[in-house]
Amino acid sequence: MLRLLNINTFYGEIHVLKNISLHIAEGEIVSLIGANGAGKTTLLNTISGIINARTGQIMYNNKDIARKSPDRVVKMGISQVPEGRQIFNPLTVLDNLKLGSYIRYRRDGSRKIQRDIEEMFTLFPILQERQNQLAGTLSGGEQQMLAIGRALMSRPRILLLDEPSMGLAPLVVTEIFKTVARLREMSKTTIFLVEQNARAALKLSDRGYVMETGKIMFEGNARDLLENREVQRAYLGKEKKPIWE
Amino acid sequence: MSLFSQILQFLLTGITIGTIYGMVALGFNIIYNATGIINFAQGEFVMLGGMFMVWFTTVLKIPMIAAFALSVIMVTLIGALFERLAIYPLKRPSVLILIMITLAGSIIMKGSAMLFWGKETYTLPHFSGEEPFYLFGATILPQTLWILGIMFVVVIILAGFFNFTMLGKAMRACAVNPTAASLVGISVKKMVLLSFALSAALGATAGIIITPVALMEYDRGAILALKGFAAAVLGGLGNGVGAVVAGLLIGILESLGAGLISSGYKDAIALLVLLLVLFVKPSGIFGVSEASKLKEF
Ligand SMILES: Nc1ncnc2c1ncn2[C@@H]1O[C@H](COP(=O)(O)OP(=O)(O)OP(=O)(O)O)[C@@H](O)[C@H]1O
Ligand SMILES: [Mg+2]
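J.: Please explain the coordination of the magnesium ion (ligand 2) as it appears in this structure.
T.: Six octahedral donors at a metal ideally form angles of 90 or 180 degrees, and four tetrahedral donors ideally form angles of 109.5 degrees. Residues and elements named next belong to chain A. The magnesium ion (ligand 2) binds to the protein through Thr41 (OG1) and Glu83 (OE), with metal-donor distances spanning 1.8 to 2.2 Å. With a gap of 42 residues between them, threonine 41 in helix 1 (residues 40-48) and glutamate 83 in the loop between strand 6 (78-81) and helix 3 (93-100) connect regions that are remote in the sequence. Judged by relative accessible area, glutamate 83 falls into the partly exposed class, the value being 29%.

Spelled out as structure tokens, the structure:
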């Protein structure tokens, strides 16, 4: 469904993504893990068209979208939940959700949009309670839910999630991860999940990629990655080396 | 005339001209919110609105209402064209470059107006006669009521647009966070174009309604832009309510200053207010200081 081929992205002269190739099949949950500054956000922004790759291709349903503008990418069905939520603080929760449907509100009409907003409220009941509140006054967890809801309102085929667990209490993180898993079951949305919380992310995923300083270091089944020694040592916090090694 | 009615008269004059400053300030804010740009060509839109209106009604003999609409449309197109030719092609321009560009734009618009209409001062018939009303000894021209009424309608329309339409909300979203806006599928470049068009339409409207009482000539834009800018800063850049209130305030101060001190100081008052605000409270009377720190100005 989505395939990146030899993507190289620069900030000025700083080479951030170095020959990244990866693929995501329809209906999969794929996670990307890596330390701070590895280039995960840059990778998502390259897919979304916020930054253009200098070389390489991003094939989406057999079309190269590598130089498309962000709004075109959303229209084609790829929606991003950006790092740090980035909801529209001075607008209400409801307006944030409505803006999520910006690409289709003219085509679909308010009846359909209303139904989808109801659906978001079923997914995140707290948002219904808070619908007329300014988005900036929500708690961190609620803001994350709103950011996810807003992205879903475009009815994406692929959802890109950038560190949804960042800065949230463990209980909220669990809830958000559960919702992500439910999304795939409910709406068959393909999910590309960027996380530092590697263990939780991999447990949820079918496959995973591990990124280090702009390169993919490991890739494979999520379960294999969870059991990979080096991945464990670097990202899963298992420092204990068995003595016989 | 008693002192009371004299002061009332100055207040009325001040409110009339202040309305126009407020509308220019709103024009500044619309573009500033969408782009972070201070469009110094804002005053030229006012001048062009007045000039086109004069030309359509007196030279082409087009009826008033049609000429009003046509003038607004012409200036809107000029605003949009300006954005497409001068702003759109830039990639990550610095604030300084943008200032230079809007200044250049204003000089070009002024020059073109001079070529086309000459250096004369033009006037326009009042919309509904010049028979004044009297209020406690002060005179009110019907045109004053037109100006206030149209301003009121424009502000209501703008408020409705930004609060109740998807497009208006999209523009606000763009102002809050352009990256996030583009991630929900809003084309930021289209919003920038729209903001220039909207500002131009607003400026043109102000120019058309003010010309019957204030007359119009090719080089009026700069001083209007300066006063509108002072109002925008005083009201807190980007703040719509602030712009209108500050515009009225500057208009009143100016009129009182001219009447009670000397009309020679009239134009200096807006500048004085601007400087004072910049020294004392750069975020403006309605501004939040945090917000002004985050932006580029
Ligand atoms: N706008 C920018 N200009 C210049 N360099 C940037 C910019 N954004 C990111 N970088 C650099 O690119 C590298 C990758 O950053 P990126 O944000 O993609 O990392 P990340 O993997 O998402 O990290 P984190 O887990 O902390 O979010 C970093 O070294 C960062 O300093
Ligand atoms: Mg990141």
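J.: Would you mind showing me how to read helix 1 of chain A here?
T.: An α-helix turns once every 3.6 residues. As a result, residues three or four positions apart point the same way. All names here are of chain A. For helix 1, a buried count of eight out of nine residues is recorded, marking the element as mostly surrounded by other parts of the structure. Burial in helix 1 covers these residues: Lys40, Thr42, Leu43, Leu44, Asn45, Thr46, Ile47 and Ser48. Positive phi shows up at glycine 49, right after helix 1, with a value of about 85 degrees.

J.: Can you walk me through the sheet that holds strand 1 (residues 2-11) of chain A in this structure?
T.: Think of a sheet as strands paired side by side through backbone hydrogen bonds, with each pair either parallel or antiparallel. Residue and element names in this part refer to chain A. Strand order in the open sheet formed by four strands is 2-1-4-5, and the pairing between neighbours is antiparallel. Lying at the two open borders of the sheet, with one neighbouring strand each, are strand 2 (14-24) and strand 5 (63-64). Of the strand pairs in this sheet, strand 1 and strand 4 (residues 55-60) are connected by five bridges, and their pairing is antiparallel. Note on strand 4: the bridge partner recorded for leucine 4 is isoleucine 58. Across the sheet, helix 1 is in contact with strand 1, strand 2 and strand 4; its angle to strand 1 comes to roughly 110 degrees.

J.: Looking at this model, I keep getting lost on the side chain of threonine 16 of chain B. Mind explaining?
T.: With respect to the helices and strands, the residue threonine 16 of chain B is situated in helix 1 (residues 3-35). Sequence-distant contacts of threonine 16 of chain B, that is, excluding residues within four places in its chain, are made with Thr144 and Ile147 of chain B.

Procedures and definitions
All residue numbers here refer to positions counted from 1 along the written sequence of the relevant chain. Just so you know, chain letters begin at A and ligand numbers begin at 1, following the order they were written in. Only residues with pLDDT of 70 or above have their local features reported here, since the model is predicted, and side-chain atom pairs are shown and tallied only from 80 upward, although totals for entire chains, interfaces and linings are computed over all residues. Side-chain calculation: all heavy atoms of the structure are included, whereas hydrogens and water are not. Keep in mind that water is not among the atoms, so a site may look incomplete; donors are the N, O and S atoms within 2.8 Å of the metal, or 3.2 Å for Na, K and Ca. Runs of E in the DSSP output that reach at least two residues are strands. Runs of H or I that reach at least four are helices, and both are numbered from the N terminus. Only protein chains enter the accessibility calculation, which uses a 1.4 Å probe; a residue is then buried when its area is under 20% of its type maximum, exposed when over 50%, and partly exposed in between. For two strands to be treated as a pair, DSSP must find at least two bridges joining them. Residue contacts are defined here by distance: any two heavy atoms, one from each residue, within 4.5 Å place the two residues in contact. What counts as an axis is a line fitted to C-alpha atoms, over the stretch in contact for a helix, and the angles between N-to-C directions run from 0 to 180 degrees.

From the geometry alone we can't say anything about function, so treat these as descriptive.
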